[in-house]
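Structure assessment
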Amino acid sequence: MALAIKAIPTLYGEEARRFQEMADETERKYDISPKRDIKKDPRYRAMRTILERSNINY
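Residues numbered from 1 in each chain as written. Predicted model: local features only at pLDDT ≥ 70, side-chain atom pairs only at ≥ 80, totals over all residues. Heavy atoms only, no water.

**Focus: the overall build of the protein**
Scanning the protein from terminus to terminus reveals 2 helices and 0 strands. A compact globule built from 58 residues would reach a C-alpha radius of gyration of about 10 Å, whereas the protein, at 23 Å, exceeds it by more than 25%. If you line up the protein on its principal axes, its C-alpha atoms span 55 × 45 × 15 Å. Residues classed as buried in the protein amount to 2% of the 58 residues present. Summing over all exposed atoms, the protein offers an accessible surface of approximately 6300 Å²; the carbon and sulfur share of this is 59%. On the protein, the mean spot of the 13 positive side-chain charges and the mean spot of the 10 negative ones are 10 Å from each other. (Helix = DSSP H or I, 4+ residues; strand = E, 2+ residues; numbered from the N terminus. Rg over C-alpha atoms; globule rule 2.2 N^0.38 Å. Buried < 20%, exposed > 50% of the residue type's maximum accessible area, 1.4 Å probe, protein only. Areas by Shrake-Rupley, 256 points an atom, 1.4 Å probe, with all protein chains shown as cover. Lys, Arg positive; Asp, Glu negative; His and termini not counted. Charge placed at Lys NZ, Arg CZ, Asp CG, Glu CD.)

**Structural notes on helix α2 (residues 42–53)**
If you check α2, its first and last C-alpha atoms are 17 Å apart, about what 12 residues at 1.5 Å a residue would give, namely 16 Å. Between the side-chain oxygen at the start of α2 and the backbone nitrogen of Arg43 there is a gap of 3.1 Å, and the oxygen is on Asp41. The positive-phi residue at the C-terminal boundary of α2 is Asn55, with phi of around 60 degrees. (Expected span 1.5 Å × (residues − 1). Polar contact = N/O pair within 3.5 Å; in protein donor to acceptor, adjacent residues only side chain to side chain.)

**Brief notes about the pattern of salt bridges**
What the rule picks out here adds up to 5 salt bridges. With its nearest N and O atoms 3.4 Å apart, the salt bridge here joins Lys29 to Glu25. In this pair, Lys29 and Glu25 both sit in helix α1 (residues 13–32), 4 residues apart, roughly one turn of the helix. One salt bridge in this structure joins Asp41 and Arg36, with 3.4 Å as the shortest N-O distance. Owing to a relative accessible area of 65%, Arg36 belongs among the exposed residues under this scheme. Among the charged side chains, a network of salt bridges with common partners joins Glu14, Arg17 and Glu21. (Salt bridge = Lys/Arg side-chain N within 4 Å of Asp/Glu carboxyl O.)

Spelled out as structure tokens, the structure:
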């Protein structure tokens, strides 16, 4: 028994413009946010310690 293929929802007009503006704003916010150094994260340090003590080649 085959399943019916559902149509992909498509935005038009005002909804499409608003969605694009929201996507662009989100992208701008992501680009200007300060990047964190993962090596300073305590969870990263704990993971590295565990791996070093476990003799696993990583």
